[in-house]
Amino acid sequence: MSFALNEVEATSKKATRGIGFSWGIAEEAAKATRWLCAQGLPGCETLAAVLTDNDGKTMGDVSPMSLDGVWVGASGRLCPLMAGASLNDCAGKLTLNDISMNNVSNPMMLLPFTHAAARHVGATVSISWDGFSARCDGNRATFEGTPDAVSADVVVSLMGSVTKPEERETRATPSGDSWQLLNQLAQRTYAPATEQSRLFGAGAGTTDND
Amino acid sequence: METVAQTRISPRSPAQVMRLSRLGSLHQCRLSFMRILTRRMQRERWTFSRPVFEIDDKGVGVAVYSAHGPTRSYSLIAFAHDLPPEMRSDRVIATAWDATFTLFDGIPTREDIDRLSKNVPYQEAGRVTDSEISVSRANRSVRLWEHFVDALANGQQPDIEKVNAVGYLMRTTAVYGSGKLGAADREKTAERPETNAPFQVEMLSVFLTRAFVRDLVNFMAQSRGGDKAVALDPTIARSLGIGNSTGLGMAPYIVNHPVLFNNWITVREEAIARVRNVITATVSEANDFRAVLRQSERNVALWKSEHPIQVEKLADLRMDLDRLNAFVAGEDLINDHPWHRLMNWSEANLSEEGQELVASLILEPYAELVDGLAACLANTNTDSFHINGAMSVGELKDLLNECFGWACDVNWQERENCARAWYVSEEKLEPRLGERFEEPIAEYEQPLAPARDAAELNATLADWASDASVAELLLKHPEHRHTVRRLQVHVYAPYGEIQDNTISAEVLPIDMLRCKLSFFGATHFDPRSDRWVRICMYGGAPYPEEISRRDCDRWVYPELEAAQ
């Protein structure tokens, strides 16, 4: 079944909030997943893997301990949503030096943040790990190799230029499993119904047969 | 004579405009989304056709209404149903309706109609594709529908008093666009001239729905009355709008889309400021204002509500109109910045309902100053989402102070200041507003209290040096990320934030609903509770076949001759 990218975005936001990450990070995850789907990459599958890995973790466990030097997670592993948010926030530093990250899980999820960093600095930004590299100029992205590593050490740098623009997709076709998982996690953001909420929460009138 | 260049009169400040009580008093104006659409359809000589009308004598079947613009066509596919009364509910949780609709991008084939007939009648339980750009449903006004069919079947026209008391034969209970239920994303239509302004897809869907409803009631009367039946008088038909019943689901929208919301308010405030800067009005502009004021009085006279809050606001508005008429009678409305003086007088003498009515009405004589601003309503800034991590904490503090300084002085521990929480119910996936201290909902709270969240960020910032970066701050405090994003948006979207507490014990969600609906161009706001409102859309508007020859701009104001 094909889904609107808005549906992907809405579900991704709720699912990320569902594992206890903040609303601001959930917003990043939603836009990032949408971006991956628009590139024809398996965005929902990647987010499902990221959220499975990080369910039960605190954001601090899987964020860079410091933005100086090589980025390393407190738990020894970096979540690509937390590292990606920091990559967006530190885009300006790319004009001074590369950013290296150790042991990022599901690094494909860093691609949309690399795209965002390229828009910030107004230049082409490349990202690479073992067996894969990508270049983003803020409008277009090109990829070499397969991006679906489970984890990798990553280098992000200013360089290169985009050679071949990729086609943009307008629909997403997530696998049934990943879509089901995202929806299950999204369920956690819904409050169980109570008698009071049924009666008053929506505040409808008493009859509509008028 | 040349005069010394005067300082331009500025738009009203966000602090003045963005209060909930004022946003909850807004009225339609020249920039309302329905009027933008009908003006365009006339200007571009749109034509309309009804290629399918296959309805049986029980009122069940399908009809297609196509609108043909200069380069594209759009078709409303309407499914009419026979709904038992016990299933009629305006709430989003309903599972069956009197009629269901989709707006198709182009002209549907028979296969498209067959496919959609298996999905659209089920609404949320069905799926559509990116050939469809909206999905909606409507219920009859039971009282008025039966009266119409009965009267027309017996050769009589409906009782105009009954028509005026309700104003519509059907009310929509949801109009979904932008990728909902599998429909095309907004991006598919955003760059098209006819759908660039906000909600034009939804407004077109409702415009065509109104024609379908008129045709259906005529058809049902004909089926029942046979030779005795008469067709609905076109003047009565024109007075009918389409109702809309809106609950809490719409309220979060204006909080969740701060850039878009900013554009709407900015555009209206800029329009008001342009007219206030008119140094000298012409006689015909002054007369035009007087005429539209009289027509507007008729609109207010027809506006009925039984809800205590709106009853009081309407009483104030009617008193405002008396005062306004007395003031206007003694003014030439021509010299010395007439509209600026009128606005200043209204701020000192009228309720917010009256002030905002004046603000909308002074735009009417000035199409050339106002209408072009419609091009600025859409959100085209795709970079507004990206946080600037290089900003210093000092700059962020300044922003916070400017945007939410007032919120930092609120004691958010006091129960009445945080009595409510917005959440989504597991049961029906609908937004609700609950009592934080009486229900187990706090952990499910949606981020719809920007003022409270800004105050929390402010407390965190007390421990941070001004030269630290936002990147460092957010690394340690990702819980503030959504708030930092909003503050950075505020730099270029100063009207994007409601300057009020959206979770207080006193908050009235209907203020948020009315604000949004006023931009659609709705009239006759009729709250059914503090979080549920009915409105009327397109009352007085031309029907599709009248677009080329009737007033496609000022239809919202009742014709005085017809009202005698």
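Residues numbered from 1 in each chain as written. Chains lettered and ligands numbered in written order. Predicted model: local features only at pLDDT ≥ 70, side-chain atom pairs only at ≥ 80, totals over all residues. Heavy atoms only, no water.

1. Examining the overall build of chain B
A tally of regular secondary structure across chain B gives 22 helices and 11 strands. Taken over C-alpha atoms, the radius of gyration comes to 25 Å for chain B, in line with the 24 Å a tight globule of 564 residues would show. For chain B, the spread of C-alpha atoms along the principal axes amounts to about 85 × 65 × 45 Å. Counting all 564 residues of chain B, 63% fall into the buried class. Of the roughly 21,600 Å² of accessible surface on chain B, 50% is carried by carbon and sulfur atoms. If the 63 positive side-chain charges of chain B are averaged to one point and the 81 negative ones to another, these points end up 4 Å apart. (Helix = DSSP H or I, 4+ residues; strand = E, 2+ residues; numbered from the N terminus. Rg over C-alpha atoms; globule rule 2.2 N^0.38 Å. Buried < 20%, exposed > 50% of the residue type's maximum accessible area, 1.4 Å probe, protein only. Areas by Shrake-Rupley, 256 points an atom, 1.4 Å probe, with all protein chains shown as cover. Lys, Arg positive; Asp, Glu negative; His and termini not counted. Charge placed at Lys NZ, Arg CZ, Asp CG, Glu CD.)

2. Brief notes about the pairing of strand 1 (residues 47-55) of chain B
Residue and element names in this part refer to chain B. Bridge analysis of strand 1 against strand 2 (residues 61-68) gives seven bridges, and the strand direction is antiparallel. Within strand 2, the residue paired with Phe 48 across the bridge is Ala 67. The hairpin turn running from strand 1 into strand 2, its antiparallel successor, is five residues long, and Gly 59 in that turn takes a positive phi close to 85°. (Pairing = 2+ DSSP bridges.)

3. With respect to the domain arrangement of chain B
Assigned domains of chain B: these are domain 1 (14-26 + 256-379 + 504-563), domain 2 (44-247) and domain 3 (393-490). The centre of domain 2 of chain B, based on its C-alpha atoms, is set 41 Å off from the matching centre of domain 3 of chain B. (Domains from an automatic or database assignment.)

4. Considerations on helix 4 (residues 110-117) of chain B
All names here are of chain B. Within the sequence span of helix 4, burial applies to Asp 112, Ile 113 and Leu 116. The buried residues of helix 4 occupy an angular sector of 95° when the element is viewed end-on, so they sit on one face. Tucked into the core, helix 4 has its buried residues touching strand 1, strand 2, strand 3 (73-80), strand 4 (99-105) and strand 5 (132-140). (Arc of directions from axis to C-beta. Contact = heavy atoms within 4.5 Å.)

5. What about the environment of Pro 544 of chain B?
Residue and element names in this part refer to chain B. By secondary structure assignment, the location of Pro 544 is in the loop between strand 11 (532-537) and helix 22 (560-563). Residue classification places Pro 544 among the buried residues on the basis of a relative accessible area of 9%. A sequence separation of 79 residues divides Pro 544 from Ala 465, and the C-alpha atoms of the two residues are 63 Å apart. Sequence-distant contacts of Pro 544, defined by excluding residues within four places in its chain, comprise Phe 48, Phe 207, Leu 208 and Ala 211.

6. Some points on the side chain of Glu 353 of chain B
Residue and element names in this part refer to chain B. Among the secondary structure elements, Glu 353 is positioned in helix 15 (residues 352-361). Given the relative accessible area of 2%, Glu 353 is considered buried. Apart from residues lying up to four places away in sequence, Glu 353 is in contact with Ser 25, His 27, Trp 303, Gln 310, Lys 313, Leu 317, Asp 320 and Arg 514.

7. Quick look at the sheet that holds strand 6 (residues 168-176) of chain B
Residues and elements named next belong to chain B. Read across the sheet, nine strands follow the order 1-2-3-4-5-6-7-11-10 without closing on themselves; strand pairing throughout is mixed. Strand pairing shows two members of the sheet lacking a second neighbour, strand 1 and strand 10 (523-529), which therefore form its edges. Each adjacent strand pair in this sheet contributes to an overall mean axis angle of 25°, direction not counted. Both strand 2 and strand 3 contribute to a ladder of eight bridges, which runs antiparallel. Looking at the pairing, Val 62 lines up with Phe 79 of strand 3. In the packing of helix 21 (residues 509-520) onto the sheet, the strands contacted are strand 7 (241-246), strand 10 and strand 11, and the crossing angle to strand 11 comes to about 15°. (Axes fitted to C-alpha atoms, helices over the stretch in contact; angles between N-to-C directions.)

8. Description of the packing of helix 2 (residues 23-38) of chain A against helix 20 (residues 481-490) of chain B
The description of two helices packed together rests on the angle between their axes and the distance between the axes. Orientation of helix 2 of chain A relative to helix 20 of chain B, taken along the N-to-C sense of each, is 75°, at an axis distance of 6 Å. Classified by the angle their axes make, helix 2 of chain A and helix 20 of chain B are roughly perpendicular. Counted together, Trp 23, Gly 24, Ile 25, Glu 27 and Glu 28 of chain A of helix 2 of chain A and Arg 481, His 482 and Arg 485 of chain B of helix 20 of chain B form the full contact between these two elements. In terms of residue class, the contact of helix 2 of chain A with helix 20 of chain B is built from two nonpolar, two polar and four charged. (Parallel < 35°, antiparallel > 145°, perpendicular 65-115°, else oblique. Nonpolar A, V, L, I, M, F, W, Y, C, P; charged D, E, K, R; others polar.)

9. Quick look at the interface of chain A and chain B
Across the contact, 53 residues belong to chain A and 64 residues belong to chain B. Between chain A and chain B lies a buried interface of about 4,600 Å² when both sides are counted; carbon and sulfur atoms form 48% of it. At the surface where chain A touches chain B, the tally comes to seven salt bridges. A salt bridge links Asp 89 of chain A to Arg 481 of chain B; its shortest N-O distance comes to 2.9 Å. Listed by contribution, the elements that provide at least two residues to the side of chain A that touches chain B are strand 1 (3-4), helix 1 (5-18), helix 2, helix 4 (80-89), helix 5 (111-121), strand 8 (190-191) and helix 7 (195-201) of chain A. When grouped by side-chain class, the residues that make up the side of chain A that touches chain B number 21 nonpolar, 20 polar and 12 charged. When strand 8 of chain A meets strand 8 (residues 420-425) of chain B, the two strands line up parallel, connected through two bridges. (Buried area = accessible area lost by both parts, 1.4 Å probe. Salt bridge = Lys/Arg side-chain N within 4 Å of Asp/Glu carboxyl O.)

10. Overview of helix 14 (residues 338-349) of chain B
All names here are of chain B. For helix 14, which comprises 12 residues, the first-to-last C-alpha distance of 16 Å matches the rise-based estimate of 16 Å (1.5 Å per residue) to within 8%. Taken together, the buried positions of helix 14 are occupied by Pro 338, Trp 339, His 340, Leu 342, Met 343, Trp 345 and Ser 346. Summarising the contacts, the buried residues of helix 14 are in contact with helix 11 (258-276), helix 12 (283-302), helix 13 (308-329) and helix 15. (Expected span 1.5 Å × (residues − 1).)

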